[in-house]
Each structure stands twice: as structure tokens, then as C-alpha cells.
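Here's the letter readout for the chains.
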Amino acid sequence: MRHLIVIAVSLVAMWSIPSCSGQAPEPTTSKTVDVHFRPVQPELFKDSGALTDAWADIDGDGDPDRFVGFNGAASRLYRNDRGNGYVDIAIEMGLNVTRSVRTAAWGDFDNDGDPDLLLGFAGEAPVTALYRNDRNTGFTNVAGLVGLELPEGTTRQASWADYDADGDLDLFLALRDQANRLFRNDASESFTDITLESGIGDVRRTVGAVWFDTDQDGDLDLVTANMDGDANGHWQNNGGKFTDTAAGQPMEAGGRMLGDPSQGSVRVCAADVNMDGWFDLSFANYGPNALLYASGPSAWADTGGAPNIAIDARYDTCAWGDFDNDGGLDLYVNGTVTGGTQYRDWLYHQEEHTTFVDVTPSELLQLNASHGATWVDFDLDGDLDLALTGAAEDAMHYLMENLLPRASGRQSLQVRVLDAEGHATRPGTEVRVYTAGTDQLLGTRLVDTGSSYDAQSDLPLHFGLRNGNPVDVAVTVVGAGRRHTGTVANISPGMFSGSILTLRIDESGRIID
């Protein structure tokens, strides 16, 4: 197992923007990247009122499909037909749900090899639905049959994770108006509500959440983003019992004011921003955003190293991805629309691992996006494209193609992690890429446990690489108090151009051929 060296890195600010109104200077011009996007099938994705989008390969054909939930309009399910574009198949597949969809999470709850979809709503009962993927015959709502149909509550982040390491996906559900819930999957297509015995039933107003092994003790822990002035939570997992340890730590506030009902955290993101092997935390807030660097197990420092990111406005999500394949994680922050104000979005390019520069192109600024933002290589050309949603009347839910030069698109590797049986039960698994035969870390990623606006996607992990040299890929499985790592060596990224490196790994860290 590789030994990770923790390196303290501070970001140098380009400028600082205190702004209560959300106004800010025009985008800065980057000296190292030319940023351009264009809409894909704009007529198909033109409708407004979209809140959340989540991605998964629903038909097993190797490319990502898209679900979009709306604020009362019929939801959409877009099948990716690769060279023939996208087509909405929601009606024929039974997913044209006319509700205010507040969360959408893909996860293979029944371990049959295809992704199922958990939806949460605001409004009348029931407030949850679980759509089992029956492949060619469509999706069937089985929430009532398996114990996941809730009669009341205002749902937010749904997140699938195998918190007890028994081989199947359990469900966490954040609620805006009552205690959060945790449901254990009992492997017999039934779920048991273990909220009380687990201790995870926080009554604060949770919106976003992400699972990962914060203290590296071999269990998946939970970080929650809370609104209306409530403190954020850090729920450490000790054998299935959860304790909030956020008090007194920088992540408790996440960069904004505690106790102020006009401020709060909407989305928390876990990403290894400075490439030291630890997951840093960023917060998209009502109030100033924040980036907190990991300083060790379950410890994050508010270094003040990126003040240009800490814009005081209203934001719905943070989305990290290396859109130009230069090896550094870049940041997209999605402004919201509220109180008649449309807050602008920001695309920050990380340069030389020391600086964030605003490079938001005009084609993104004019879209009036809000709520959802997802990096996804929809066309498998090696670079990350950007999917957006917008709730305002003049918004859209565009898919924006990244126009990175073709040669740069080849400087990447996409990795998909499955369990030994080939099922997607590994949310929270860590993947690290190294220069082949060395300990030079090129990037760390986390299998999605919560992203975009209250969404969870089942997507491969994208690594931008400065060159096409061979790499070693290390996969760390977390659970039952253990961390096991399996490595595949000397992988040539060029061999996977236009495709995905898929790895099956068992609970002991053994890579399955």
C-alpha cells in the first residue's frame, strides 16, 4: 500500500470579492486555457423549471444517460444514442413524473447490475419513490413494497452508500423539515429504518450531503450541509453508530455565518484539490462560499487561501472537474435564483496548483442556470462537458459540449469501479492515479455519494493527465473498519481513448480479472 505524504499548500488569491448582492467583476482572462462550450441539441434541452439532474448508464450500452427533475413539470429521461444524439424516453420508460423533484439518486439497490432511481419530492404524499430498472420493460415504482415510501417531509439529498459494508446499498435521505433518515438494505429487497439506533437523525435543515472515510479508519462517514443558519454536520461512523463531531471546526460554518437564518450551506463537495491524497471540502452557500483544505484525518483548515472563491451571494452547487485535462481540478459554482435575483455562475480554472482564475465564458453566463451542475463526458471524447439546470422562467437544462482541442481530449483516463460481481455498489470508494512505477500522485477521486443539486450519479471517474504516459491506478475499498487497496499497474491512457477502464474489486482489495 502506498504511503501518502500530506503537503500543506496555500492558494494565492487573484483578487477578493466581498459582495452581498452577488455582483462581481467581469471574468479574468486565463493565460493558459481557452475556454469554449456550445449547447448540444438546444431545442431538446430548452425547457426551464429544471431543478436536479443525475446521470447513469441505464441500458448498459457504455455511455451516460440523463434524468432531469422539474419543479412540477414532467421529468425527462434522456437516452444517449452516442452519434445519434439524445432522445427523451421518459414516457415509454415510466419516468415522466409530474412532481416537484427535489432529489434524484441512481443506485443499484437490488444488485441486479443496472441502476435504479430514488426520487424525492416536495408537496403531497408520498414524498419518495423508488423506480426499479427493469431494462426493456421500463421502470417500476417499488418504494411501497420495499419500505421506502415516506408519507411526509420535504426531501433533499438522497444518497446511496454501503455504510455497513455488507455488500448492498443503504439509503440516506436528508429532509428540510424533519429529522434525516437512514435506511438499511436487508438484501431481501426490503429496507429497515435505523435512524434512531444509528443516531443520524439530525433535525437541522439539511440540504446536501456526501459520504467518505473522513478519518481513514475504514468506515464511511457523512458530512451534511445545513441551511437557515444551522451548523453543518460531520457524522463519524463507529460500527454503525454516528456521532456529530463538527462543533468548533471550520467546516461547522463552512465559510458563512452561523445563526443567521438568511445564510446556510446548500452543497458540500469532497475533492482532493491540492493533490496531497486527502479529500478537501468546499461549500456552496447562501453567504460566502468556502474551500477548506484537509490537514489530516477528519481535520480541515480554513486557510483563507482562496478568497476569490468566497463570494458572498447565493449558490446551489459546487462541481469539481479537470475540464482542460491539465491535471488540476477546476471548479464550477452554480448561482441560484431567489427573491427575483439571478445570481451568476462561476467557472474557476486552477493554474499551477496555486491559483484559481475566473474563466467563465459568455456562453455560460447568459444561460441563467441554477441548482444543478454536473461534469460528464457524455460523448466519450476524453474531456468533461457540463450539464446545467435552471429553475427560472428564462432558464434551460442545457448540455454544454466542451470544445477542448481533440489532442487535449486524449490526455485523460476514465475509471469505473464495480464490486466483484460487476455491480455498482462502491460509492465512497477512493481511486488514485500515479505516474507508473512511482509514488507521484496525479489525482484522487471519490465514487459519487452526492453531487450537483441533491443528486447522485453513477458515472466513471475522470482524470485529466498532462501527457499520455502510463499510470498506475490504485483503488481503495472502505468498510467494516478496513481500508484495502488494489492496484493495476502500467495502464496506457491511450488504450482507453473513447472508452472506460472498468475495474472489479472485492472487499479485500483484490482486483478481479
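Cut-offs and rules
Residues numbered from 1 in each chain as written. Predicted model: local features only at pLDDT ≥ 70, side-chain atom pairs only at ≥ 80, totals over all residues. Heavy atoms only, no water. Domains from an automatic or database assignment. Contact = heavy atoms within 4.5 Å. Buried area = accessible area lost by both parts, 1.4 Å probe. Pairing = 2+ DSSP bridges. Helix = DSSP H or I, 4+ residues; strand = E, 2+ residues; numbered from the N terminus. Axes fitted to C-alpha atoms, helices over the stretch in contact; angles between N-to-C directions. Buried < 20%, exposed > 50% of the residue type's maximum accessible area, 1.4 Å probe, protein only. 1 Å grid on protein atoms, 1.4 Å probe; cavity = no way out; pocket = protein on both sides within 12 Å on 5 of 7 lines; lining within 4 Å. Points joined across faces, edges and corners; volume = space filled by probe spheres on them. Nonpolar A, V, L, I, M, F, W, Y, C, P; charged D, E, K, R; others polar. UniProt positions renumbered as here; feature names shortened; annotations may be inferred. Salt bridge = Lys/Arg side-chain N within 4 Å of Asp/Glu carboxyl O.

## Some details on the domain arrangement of the chain
And then number 1: Partitioning the chain into structural domains gives domain 1 (37-407) and domain 2 (408-504).
And then number 2: Distance from the C-alpha centre of domain 1 to the C-alpha centre of domain 2: 19 Å.
And then number 3: Across the boundary between the two partners, domain 1 contributes 72 residues, which contact 42 residues of domain 2.
And then number 4: With both chains or domains summed, domain 1 and domain 2 bury close to 4,400 Å², and 50% of this area falls on carbon and sulfur atoms.
And then number 5: By the criterion of area lost to domain 2, the three top residues of domain 1 are Phe279, Asn325 and Ala407, representing 13% of everything that side buries.

## As for the sheet that holds strand S12 (residues 181-185)
And then number 1: Strand order across the open sheet formed by four strands is S10-S11-S12-S13, with antiparallel pairing between neighbours. Each having just a single partner strand, strand S10 (155-161) and strand S13 (191-193) make up the two edges of the open sheet. Sheet twist, expressed as the average angle between the axes of neighbouring strands with direction ignored, equals 20°.
And then number 2: Sheet topology note: the S12/S13 ladder contains three bridges and is antiparallel. From the neighbouring strand, Asn185 faces S13, where its bridge partner is Phe191.

## Things to note about unusual backbone geometry
And then number 1: That bond from Ala125 to Pro126 is cis: its omega, -10°, falls within 30 degrees of zero.
And then number 2: For Asp228, which is not glycine, the phi torsion reads 60° and is therefore positive.
And then number 3: By the element assignment, Asp228 lies in the loop between strand S15 (221-226) and strand S16 (233-238).
And then number 4: Taking relative accessible area as the criterion, Asp228 reaches 24% and is therefore assigned partly exposed.

## Focus on the layout of surface pockets
And then number 1: In this model, the second largest pocket occupies a volume close to 360 Å³.
And then number 2: Of the residues assigned to the lining of the second largest pocket, the class counts are seven nonpolar, six polar and seven charged.
And then number 3: Here the lining of the second largest pocket spans two domains, since at least three of its residues come from each of domain 1 (37-407) and domain 2 (408-504).

## Topic: the environment of Val447
And then number 1: Inspection of the secondary structure assignment puts Val447 in the loop between strand S33 (441-446) and strand S34 (455-456).
And then number 2: For Val447 and Arg426, which are 21 residues apart along the polypeptide, the C-alpha to C-alpha distance reads 6.9 Å.

## Side note on the UniProt feature "domain: ASPIC/UnbV" (unreviewed entry) in the chain
And then number 1: Residues annotated in UniProt with the feature "domain: ASPIC/UnbV" (unreviewed entry) correspond here to residues 428-476.
And then number 2: For residues 428-476, the helix share is 0%, the strand share is 49%, and the end-to-end C-alpha distance is 9 Å.

## Notes on the pattern of salt bridges
And then number 1: This model, assessed by the stated rule, comprises 22 salt bridges.
And then number 2: A salt bridge links Asp81 to Arg79; the nearest nitrogen and oxygen atoms lie 2.9 Å apart.
And then number 3: Note on Asp81: relative accessible area 28%, which makes it partly exposed.
And then number 4: One salt bridge connects Arg132 with Asp134, and the closest N-O pair in it is separated by 2.8 Å.
And then number 5: Arg132 gets classed as partly exposed once you look at its relative accessible area, which sits at 22%.
And then number 6: If you follow the salt bridges from partner to partner, you end up with Arg176, Arg205, Asp228 and Asp230 in one network.

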